[in-house]
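# Observations on the model geometry
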Amino acid sequence: RRKEWRSGSAPVQFHSAAHHFKMSDGLLRELELVATDQMKRFVAPGDDPEMLALSIGKVLRDLLGGMRRATVEGEGEPPKMKLFSGHDTTLMPLLVALGYDLVDWPPFMSNLIFELFRSGDAHYVRIQYNGEVVRIDGSDARGMVELGDLAKKLSHLTGEVSCEAKLQAAPPVDEQAAPVSNGVE
């Protein structure tokens, strides 16, 4: 059933949900792939480490910091589990930061598990996304990577983004350029 209302002089039409059932599975899949790619570019621009760091760096610092604190002897009994809650748009940049080839939108109720293990004096991390081991650079056949190596791999994303360094890298201001109005006189 079609509904119509006017925006200015042009009619705007809405279609009922029944029309969407006529889309083929192939078209729905293509839409999902395009939507995933576009959202990934927005929340997890893998080609822009600074934007990725701004997007997810704080969460990575919290995750790694909690794991490091759990490895320190004499700090009391570390928690057995820490639970972070987020959205698909939280998972996407995390997965991209870990080097996961994100093609599909994270399904409802997705989970990303960071497991911390100790072997002798070394601590290892295994990461699972929806029950599947996420293999990152430097992980062994079981998906285990030393905590220090994981922190080093992610260090370009977890460091503080320096505003001063960003300003120094910016092109010089053209003093002769016309001023930009904010619309308020």
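Keep in mind it's a predicted model, so treat the numbers as computed, not measured. (Residues numbered from 1 in each chain as written. Predicted model: local features only at pLDDT ≥ 70, side-chain atom pairs only at ≥ 80, totals over all residues. Heavy atoms only, no water.)

### What to know about the pairing of strand β4 (residues 122-129)
Every regular strand shows the same layout, with side chains that alternate between the two sheet faces. Defined as follows: Buried, partly exposed and exposed residues are distinguished by accessible area as a fraction of the type maximum, computed with a 1.4 Å probe on protein chains only: under 20%, between the cut-offs, and over 50%, respectively. Every helix listed is a DSSP run of H or I at least four residues long, and every strand listed is a run of E at least two residues long, numbered separately from the N terminus. A pair of strands is labelled paired if DSSP reports no fewer than 2 bridges between them.
The element β4 is extensively covered by neighbouring structure, given that six of its eight residues are classed as buried. Both strand β3 (residues 112-119) and β4 contribute to a ladder of eight bridges, which runs antiparallel. Its bridge partner being in β4, Leu116 is matched across the sheet by Val125. In this antiparallel pair of consecutive strands, β3 and β4, the connection spans two residues, and Gly120 shows a positive phi of 65 degrees. Two elements, β4 and strand β5 (residues 132-133), share two bridges in a ladder whose sense is antiparallel. In the sheet register, Gln128 faces β5, and the bridge partner there is Val133. The turn linking β4 back onto β5 is made up of two residues, and Asn130 within it adopts a positive phi angle of 50 degrees.

### Here we look at the layout of surface pockets
Note the cut-off: As defined here, a cavity is a set of points on a 1 Å grid over the protein atoms alone where a 1.4 Å probe fits but cannot get out. A pocket is an open set with protein on both sides within 12 Å along at least five of seven lines, and residues line them when an atom is within 4 Å of a point. Grid points are joined across faces, edges and corners, and a volume is the space filled by probe spheres set on the points.
In this model, the largest pocket occupies a volume close to 1300 Å³. If you trace the largest pocket, you find 41 residues lining it, with Leu63, Lys82, Leu83, Phe84 and Phe114 closest to the centre.

### Let's talk about the side chain of Thr36
In plain terms, the rule: In what follows, residue pairs with any heavy atoms lying within 4.5 Å of each other are defined as contacts.
With respect to the secondary-structure elements, Thr36 resides in helix α1 (residues 25-43). Residue Thr36 is classed as buried on the basis of its relative accessible area, which comes to 1%. Among residues more than four places away in sequence, those in contact with Thr36 are Met92, Val103, Asp104 and Trp105.

### Some points on the nonpolar core
Spelled out, the test is: Nonpolar cores are built from buried Ala, Val, Leu, Ile, Met, Phe, Trp, Tyr and Cys residues. Side-chain atoms within 4.5 Å join them into one set.
Within the largest apolar cluster, 29 residues are counted, with the highest numbers of intra-cluster contacts made by Leu112 and Leu150. Put simply, the parts of the chain that give this core at least two residues each are α2 (49-70), α3 (88-97), β4 and α4 (147-158). Setting aside chain neighbours within four positions, we find Leu150 in contact with Leu64, Leu98, Val125, Ile127, Ile136 and Val145.

### Regarding the environment of Gly138
Within the fold, Gly138 resides in the loop between β5 and β6 (144-146). You can call Gly138 exposed: its relative accessible area is 66%. C-alpha of Gly138 to C-alpha of Lys153: the two residues are 15 residues apart in sequence and 9.0 Å apart in space. Among all residues touching Gly138, those that are not within four sequence positions of it are Met144 and Val145.

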